[in-house]
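Chain by chain, the residues run as shown.
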Amino acid sequence: MFNRTRRLRNSQVLRNMVKNVDFSMDNLIYPLFIEEGTNVKVEISSMEGQYRLSLDNLYDELKELKELGVKSLLLFGIPLKKDPVGSEAYNDKGIVQEGIRFIKKHFPEFFIVTDVCLCEYTSHGHCGVLDGERVVNDETLKLLDKITLSHAKAGADMIAPSDMMDGRIQSMRRILDENNFENLPIMSYSIKYASAYYGPFRDAADSAPSFGDRKTYQMDFRNSKDYLIEVENDLAEGADIIMVKPGMPYLDVVKAVSDVISNPVAVYNVSGEYSMVKAAAKNGWIDEERIVMENMYAMRRAGADIIITYHAKDIARWIKRGI
Ligand code: PBG
Ligand code: ZN
């Protein structure tokens, strides 16, 4: 006697009937790189299909995204000037702040999430201010608060801190609440590993550290226990959504976290994951559409409510065409 589990796979109708993981455009956030200046539309060499755009080139892109059914954007800014304290990040006329206003003016229906960090704005490329070669935690918090408030004032719908300083959620929540932004949610990059998968992003955003690495603040992937404390801390400090990053190699973590918390879980399908799929697809070694959709379902199955992915535009086209 044995179980015939194949019975439930007999037909497409039955398979569709018993499937219990869903996926739609509602789950996706699309990252967008906006650059200060004019007439910029540069394809990121390691991320085929992704561009750095100046605001004068943003309108057509937004129109296309809207038509495709992309609903939410994650903004990254590339400033003209960088300095040791990343001043452009909290300039009220900075690229992200102006970008938010531009999008809200022309396409108010987009839900705008902003990445809050200093690394795209500091001359040394680290995510905080330095004392010698050390990234100082508490000094950095003050600057992150300023970024947060300036994004909120410009009209951001959600703030997503990616810096990995301790205490930042508490600090940002307080500054938001004190300024009448008590209803603005925070999606925390709570579990963010020091990962080589961010390589292509750092080309894109010109944000690689000029010395050392990020291992004193981003997490060590050789530890299988230390991630829950990050979640506990962030929830206690007031985070609304917990993010795990990168995505595909860390689905064990996504699953473990989503099993124990009732807040939504987001996963960031990062640049390196995207570039690998694109490169293999270009070579004809894999079926891009099937691989990408399989990855999306894998992340959903692990418990991700939200997926941040550079594939969002391609997925939207496939969904429109019918898969
Ligand atoms: C900024 C930031 C990074 C990413 C998101 N926010 C880069 C980093 O931490 O070095 C990575 C995103 C990606 O690789 O797609 N701190
Ligand atoms: Zn950073």
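Quick caveat: nothing in here was measured; it's all calculated off a predicted structure.

All told, the structure shown has 11 aromatic pairs when counted by the stated rule. Ring centres 6.1 Å apart and planes at 45° place the aromatic pair Y268 and Y310 in the tilted group. Here Y268, found in strand β11 (residues 265-269), pairs with Y310, found in the loop between β12 (306-309) and α11 (312-321); they are 42 residues apart in sequence, far enough to count as distant. Y310 shares its class with Y268; the two are buried. Among the aromatic residues, those joined into a cluster by ring pairs are F33, F76, Y189, F201, Y268, Y274 and Y310. Stacked on the ring of Y198, the Lys or Arg K192 has its end atom at 5.5 Å from the ring centre. Sitting over the face of the ring of Y198, K245 holds its NZ or CZ atom 4.2 Å from the ring centroid.

Here we come to the side chain of E35. Note that E35 resides in strand β1 (residues 28-35). E35 sits in the buried class, given a relative accessible area of 15%. A polar side-chain atom of E35 sits 2.7 Å from a polar atom in the side chain of R52. Residues in contact with E35, not counting those within four places in the same chain, are V40, R52, L53, S54, L55, I78 and I95.

Moving on, we come to helix α8 (residues 251-260). Each α-helix winds once per 3.6 residues, and so residues spaced three or four apart point in a common direction. Every buried residue belonging to α8 is among L251, V253, V254, V257 and S258, and all of these are buried. Taken around the axis of α8, the buried residues stretch over an arc of 150°, which confines them to a single face. Turned more than 90 degrees off the buried face of α8, the exposed positions are D252, D259 and V260. Buried residues in α8 make contact with β9 (187-192), α7 (227-237), β10 (241-245), β11 and α10 (288-302).

As a matter of local geometry, ligand 1 sits amid 20 residues, with K192, R202, K245, S271 and Y310 nearest to it. With respect to ligand 1, the side chain of R214 contributes an N or O atom lying 3.0 Å from an oxygen atom. Here Q218 contributes a side-chain N or O atom positioned 3.0 Å from an oxygen atom of ligand 1. Alone, ligand 1 offers 400 Å² of accessible surface; in the complex the protein occludes 100% of this. Within the residue set of the shell around ligand 1, elements represented by two or more residues are β9 and α6 (199-205). Here the shell around ligand 1 is composed, by residue class, of 11 nonpolar, three polar and six charged.

Here we take up unusual backbone geometry. Trans is the common state for peptide bonds, and a negative phi is the common state for residues other than glycine. Of note, the amide linkage connecting K245 to P246 takes the cis form, showing an omega dihedral of -5°. Residue position: P246 is located in the loop between β10 and α8. Despite not being glycine, M164 shows a phi value in the positive range, around 70°. Looking at the element boundaries, M164 is found in the loop between β8 (158-161) and α5 (168-178). Of note in this structure, D206 is not a glycine but carries a positive phi near 55°. Looking at the secondary structure, you find D206 in the loop between α6 and α7. Since its relative accessible area comes to 45%, D206 is described here as partly exposed.

Reading the values: rules and limits
Residues numbered from 1 in each chain as written. Chains lettered and ligands numbered in written order. Predicted model: local features only at pLDDT ≥ 70, side-chain atom pairs only at ≥ 80, totals over all residues. Heavy atoms only, no water. Phe/Tyr/Trp six-rings, centres within 6.5 Å; stacked < 30°, edge-to-face > 60°. Helix = DSSP H or I, 4+ residues; strand = E, 2+ residues; numbered from the N terminus. Buried < 20%, exposed > 50% of the residue type's maximum accessible area, 1.4 Å probe, protein only. Lys NZ or Arg CZ within 6 Å of the ring centre and 35° of its normal. Polar contact = N/O pair within 3.5 Å; in protein donor to acceptor, adjacent residues only side chain to side chain. Contact = heavy atoms within 4.5 Å. Arc of directions from axis to C-beta. Near = heavy atom within 4 Å. Areas by Shrake-Rupley, 256 points an atom, 1.4 Å probe, with all protein chains shown as cover. Nonpolar A, V, L, I, M, F, W, Y, C, P; charged D, E, K, R; others polar.

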